[in-house]
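This is what each chain is made of:
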Amino acid sequence: MVVKLYGQVTAACPQRVLLCLLEKEIEFEIVHIDLDTLEQKRPEHLLRQPFGQVPAIEDGDFKLFESRAIARYYATKYSDQGTNLLGKSLEHRAIVDQWADVEVGYFNVLVHPLVMNLVIKPRLGEECDAALVEELKVKLGVVLDIYDNQLASNRFLAGDEFTMADLTHMPAMGYLMRTDINRIVKDRANMNRWWEEVTARPAWKKLMKMAGF
Amino acid sequence: MVLKVYGPHFASPKRALVTLIEKGVAFETVPVDLMKGEHKQPAYLALQPFGTVPAVVDGDYKIFESRAVMRYVAEKYRSQGPDLLGKTVEERGQVEQWLDVEATTFHPPLLNLTLHIMFASVMGFPSDEKLIKESEEKLSAVLDVYEAHLSKSKYLAGDFVSLADLAHLPFTDYLVGPIGKAYMIKDRKHVSAWWNDISSRPAWKETLEKYSFPA
């Protein structure tokens, strides 16, 4: 049975799951949920995801939402197939979880409102909060200095190998890099090196093609 | 060498502490004086580069991020104490789902309430009334979803208590206490019953008894 992913292929959170499924060579089917017409807030989708967000998955009788939980589930269930995303030991896995959690509390909390103001609002004809953008850029700079330092002595966020810690950052990073504030990453040598390496992966290239980027 | 948890008097470290106590794991705590800026000193930044609590040191091994610590402890000590990760990969998936809901959806508005109601004056920034009102509305909408879910499920991930439930303890304790918004929990029948259940667990009572912020 093929995994059904409910979401929009251009949206960051569904992309997180798609990237994991591609890295793990797991077959899937996308059921398009149209964010532009707020399909995610309609009763039919609320049955799958009660907070009215994407993605949600159905795998036979099994249902799950929250993109990072879905990615961890498939990375665990198919640990013997495709890329190993969860580290080689319990201790290594916990470091992978550590940097994946940093993505939620330190990275996404700043990048999400940045992308909303720089990309989404203009597209919807709404005004960008320029003062907020400046404030967020300063805060993101401080956070990216810490990332840059980590990547000075580690090839990937959690060590020598590409893991969930790197993967989980990529969709939102992809959006950030397509804005005119991408120098915030490019000017940091280790972050830039890391971004070039992770985006050269075949699964990422496939995802970008699917999303039409 | 015994596992050490840094910053026990604060809320996020209590996610790690309650998990350790539930699993019956020996540990020590190391106070971190946030008022004196100890968390911004090089010695602490070497353990947690973002300068926040908790940090955990287990022999040579260092780990931060409270929910990552919870997962590490629950996995490492799987065979002792309650199984906080569920019994199957699918049950674990449900645990991870609600642990992520806590982190991405429940925690952010509650953190705003915590900072602006409890800590604004102490930390020296003006309390933002508009943000407090918006955050309460957001949290209220989230709790409505929890109410519907908990009317069909005893605990968040199913009929067993898990990391997902425990992760909610420290900041919800602030919500019903010093934040002064206990009604948000008490006015919702199933959320209230769930809260009474998880907050009366011996491990949580012990956490509060030993590590509450000194008055």
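About the criteria used
- Residues numbered from 1 in each chain as written.
- Chains lettered and ligands numbered in written order.
- Predicted model: local features only at pLDDT ≥ 70, side-chain atom pairs only at ≥ 80, totals over all residues.
- Heavy atoms only, no water.
- UniProt positions renumbered as here; feature names shortened; annotations may be inferred.
- Helix = DSSP H or I, 4+ residues; strand = E, 2+ residues; numbered from the N terminus.
- Patch = residues over 30% accessible without salt bridge, like charges linked within 9 Å, V, L, I, M, F, W, Y side chains within 5 Å.
- Areas by Shrake-Rupley, 256 points an atom, 1.4 Å probe, with all protein chains shown as cover.
- Salt bridge = Lys/Arg side-chain N within 4 Å of Asp/Glu carboxyl O.
- Axes fitted to C-alpha atoms, helices over the stretch in contact; angles between N-to-C directions.
- Parallel < 35°, antiparallel > 145°, perpendicular 65-115°, else oblique.
- Contact = heavy atoms within 4.5 Å.
- Nonpolar A, V, L, I, M, F, W, Y, C, P; charged D, E, K, R; others polar.
- Buried < 20%, exposed > 50% of the residue type's maximum accessible area, 1.4 Å probe, protein only.

A. How the structure looks around the UniProt feature "domain: GST C-terminal" (unreviewed entry) in chain A. Per the UniProt record, "domain: GST C-terminal" (unreviewed entry) is found at residues 89-213 of chain A. Helix makes up 75% of residues 89-213 of chain A and strand 0%, and the two end C-alpha atoms of the span are 36 Å apart.

B. Up close: a nonpolar patch on the surface. Taken together, the side chains of M35, V122, M123 and F213 of chain B present a nonpolar region at the surface, about 430 Å² in accessible area. Take M123 of chain B: it is sitting in helix α4 (residues 89-123).

C. Fine view of the packing of helix α5 (residues 130-152) of chain A against helix α9 (residues 189-199) of chain A. Residues and elements named next belong to chain A. Taken N-terminus to C-terminus, the directions of α5 and α9 make an angle of 70 degrees; their axes are 7 Å apart at the nearest point. The angle between the axes of α5 and α9 places the two elements in the roughly perpendicular class. Taken together, the residues of α9 that come into contact with α5 (itself represented by L144, Y147, D148, L151 and A152) are A189, N190, M191, R193 and W194. Here the residues of the contact of α5 with α9 are counted per class, giving seven nonpolar, one polar and two charged.

D. Inspection of the pattern of salt bridges at higher detail. Enumeration according to the criterion identifies 33 salt bridges over all chains in this entry. Ionic pairing is found between K88 of chain A and E161 of chain A, a salt bridge with its closest N-O pair at 2.8 Å. Residue K88 of chain A is located in the loop between α3 (67-77) and α4 (90-123), and its partner E161 of chain A is located in the loop between α5 and α6 (164-167); the two are separated by 73 residues in the primary sequence. Take K88 of chain A: its relative accessible area is 56%, and that puts it in the exposed class. Since its relative accessible area comes to 32%, E161 of chain A is described here as partly exposed. Ionic pairing is found between R201 of chain B and E22 of chain B, a salt bridge with its closest N-O pair at 2.7 Å. A residue pair is termed long-range when its members are at least 10 positions apart, and R201 of chain B in the loop between α9 (189-199) and α10 (202-211) and E22 of chain B in helix α1 (residues 11-22) qualify at 179 residues. Exposure remark for E22 of chain B: the relative accessible area of 12% places this residue in the buried category. The structure contains a network of salt bridges with shared partners spanning R72, R93, D97 and D101 of chain A together with R71, E75, R78, D83, R92, E96 and D100 of chain B.

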